[in-house]
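Now for the letters of each chain:
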Amino acid sequence: MALKLKKSKELFRKAKRIIPGGVNSPVRAFKSVGGTPLFISSAKGSKIYDVDRNEYIDYVLSWGPMILGHSHPRIVNALKKAAEKGTSFGAPTPLEVELAGMVRKAYPSMEIMRMVNSGTEATMSAIRAARGFTGRDRIVKFEGCYHGHADGLLVKAGSGAATFGVPTSPGVPRDYARNTITLPFNDLKAFRKICDKTGKNIACVIIEPVVGNSGCILPMPGYLEGLRKITKKYGIVLIFDEVMTGFRVSYGGAQKVFKIKPDMTCLGKVIGGGLPVGAYGGNREIMSRIAPDGPVYQAGTLSGNPLAMTAGIETLKILSRPETYKKLMAKSEALEEAMKKAAARAGVKTKFYRAGTMFCTYFTDKEVHNFTDASKTDMAAFARFFRSMLEKGVNLAPSGYEAGFISLAHSQADINKTARAAYQSFKDI
Ligand SMILES: *Cc1c(COP(=O)(O)O)cnc(C)c1O
């Protein structure tokens, strides 16, 4: 059964003439899995619909943000009301104070925070703050971690870059990349070694505490604790990039699950409820360097946008109900069990990893602890699996280096259908 994709194909042809690769973000182009990207007309709950009227159970969820499911009635209504009051003022509003208060309650390490418009802006600004605070230039990141597309962070940056085999993007001045030290994830020895050599020149360490941009890679016991200890010793600012894990692995993110207090945290995705938002924050001492309190400059015409703040506030209101995460975790566990069973019954060797509501299936029989392990898994098998699932009405992220996501709207029926599709697909590939 081949999908009918006439209109998507037509639109893709048109789009390629006017937009690079026909897409406004590279992985959307389906390059690593082949075929035509779906052009979407609408989405509701756990389902997404393309312009050819095909229906899919959606595990991409706009790459993470739609944790309540698509077009949740409460968000949509709140947005309508907010829009009638004006869509941007370029002045402070009560909404941004409210959202910041909700975020700080969930992330006490973010004593002071600023709202921005994307995850990229959040990480870029956090690094500037850390450099301004320490007076040091060097930064440390980890292979396979993606922190947005700012210069200097596009070094060995996981999914998008890995998918296209561009380890470091052209256009990034060598002098920028020179200040970025890249180390393997989950390797505390390598980190200690660098710090013993040049720790006093390192401004910050930025890390995805659970790597979601090379699939789903969990930190080994003691790893994050070790980073915390060593960074403290050398006066290095520890930045948790929780743009993906924030409100995904738990309401309080990975720092709550692993009980680590970073100096700074970056958020995005879920806190915008589907609108463009990012946030960065941390302890008072560092954040007091940000303009206009201090000399580190960072600004934004649309930052704290009232529509975006509204979507964020309404999303967090629902997420903060005590029963919400119980439901989310039960759904995630059910999916994990179903996917593992389907692979076992079909006799296909896979490793399924999950952190809260994010997950990944790797086609391998070996454990995956870092980017090198992930890149040795069978990506061709993933591509076949992806296409087969899509034909059966299940939308996974179009790359074996991406995480999948569950929402509050996914039902047991959705999970059952996904498991049946997975069993067939595992067998067919
Ligand atoms: C998505 C992501 C970013 C970038 O966020 P954008 O909103 O796409 O700029 C940064 N860090 C992590 C961990 C992400 O998953």
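Conventions we followed
- Residues numbered from 1 in each chain as written.
- Predicted model: local features only at pLDDT ≥ 70, side-chain atom pairs only at ≥ 80, totals over all residues.
- Heavy atoms only, no water.
- pLDDT = per-residue confidence, 0-100.
- Helix = DSSP H or I, 4+ residues; strand = E, 2+ residues; numbered from the N terminus.
- Contact = heavy atoms within 4.5 Å.
- Core = buried A, V, L, I, M, F, W, Y, C linked by side-chain atoms within 4.5 Å.
- Buried < 20%, exposed > 50% of the residue type's maximum accessible area, 1.4 Å probe, protein only.
- Domains from an automatic or database assignment.
- Buried area = accessible area lost by both parts, 1.4 Å probe.
- Salt bridge = Lys/Arg side-chain N within 4 Å of Asp/Glu carboxyl O.
- Polar contact = N/O pair within 3.5 Å; in protein donor to acceptor, adjacent residues only side chain to side chain.
- Nonpolar A, V, L, I, M, F, W, Y, C, P; charged D, E, K, R; others polar.
- Pairing = 2+ DSSP bridges.
- Axes fitted to C-alpha atoms, helices over the stretch in contact; angles between N-to-C directions.

Chemist: I would appreciate a short explanation of the confidence of the model for the protein chain in the present structure.
Modeler: Per-chain confidence: the protein chain averages 95 in pLDDT, with 97% of residues scoring 70 or above. Here helix 5 (residues 159–163) stands out as the element of the protein chain with the lowest mean pLDDT, 54, in contrast to strand 9 (residues 264–267), whose mean of 99 is the highest. Here residues 163–167 is a poorly scored stretch, pLDDT under 50, and it has 12 contacts once near neighbours within four places are set aside; other chains count.

Chemist: What is the right way to read the nonpolar core from this model?
Modeler: Looking at soluble globular proteins, one finds that nonpolar side chains tend to be buried together. Counting 43 residues, the largest nonpolar core has Phe142 and Phe191 as the members making the most contacts within it. Both domains that meet at this core, namely domain 1 (6–71 + 323–428) and domain 2 (73–319), each give it at least three residues. If sequence neighbours within four positions are ignored, phenylalanine 191 has contacts with Val140, Phe142, Leu183, Val205, Leu227, Ile230 and Thr231.

Chemist: Any chance you could explain the domain arrangement of the protein chain here in plain terms?
Modeler: Interface extent is often summarised as the accessible area lost during association of the parts. Domain boundaries assigned for the protein chain yield domain 1 (6–71 + 323–428) and domain 2 (73–319). Counting from both sides, the interface comprises 39 residues of domain 1 and, opposite them, 36 residues of domain 2. Carbon and sulfur atoms make up 68% of the area that domain 1 and domain 2 hide from each other, which totals about 2,900 Å². For the pair domain 1 and domain 2, the interface holds zero salt bridges. At the boundary of domain 1 with domain 2, the tally comes to 10 residue pairs in polar contact (both at pLDDT 80 or more). Looking at the side of domain 1 that touches domain 2, the elements with two or more residues in it are helix 12 (322–346), strand 11 (351–355), strand 12 (358–362) and helix 13 (371–375). For the side of domain 1 that touches domain 2, the class distribution of residues is 25 nonpolar, 10 polar and four charged.

Chemist: Would you mind going over the sheet that holds strand 9 with me for this structure?
Modeler: Backbone hydrogen bonds hold the strands of a sheet together, and the pairing may be parallel or antiparallel. Taken together, the seven strands give an open sheet; going across it, the order is 4-10-9-8-7-5-6, and neighbouring strands pair in mixed fashion. Strand pairing shows two members of the sheet lacking a second neighbour, strand 4 (112–116) and strand 6 (180–183), which therefore form its edges. Averaged over neighbouring strand pairs, the angle between their axes works out to 20° when direction is ignored. As defined by bridge partners, strand 8 (residues 237–241) adjoins strand 9 across three bridges and the pair is classed as parallel. What sits directly across from phenylalanine 240, in strand 9, is threonine 265. Sheet contacts for helix 3 (residues 94–106): strand 4 and strand 9; angle to strand 4, the most-contacted strand, approximately 125°. Relative to strand 6, helix 7 (residues 188–198) is tilted by about 150°, and along the sheet it contacts strand 5 (138–142), strand 6 and strand 7 (202–207).

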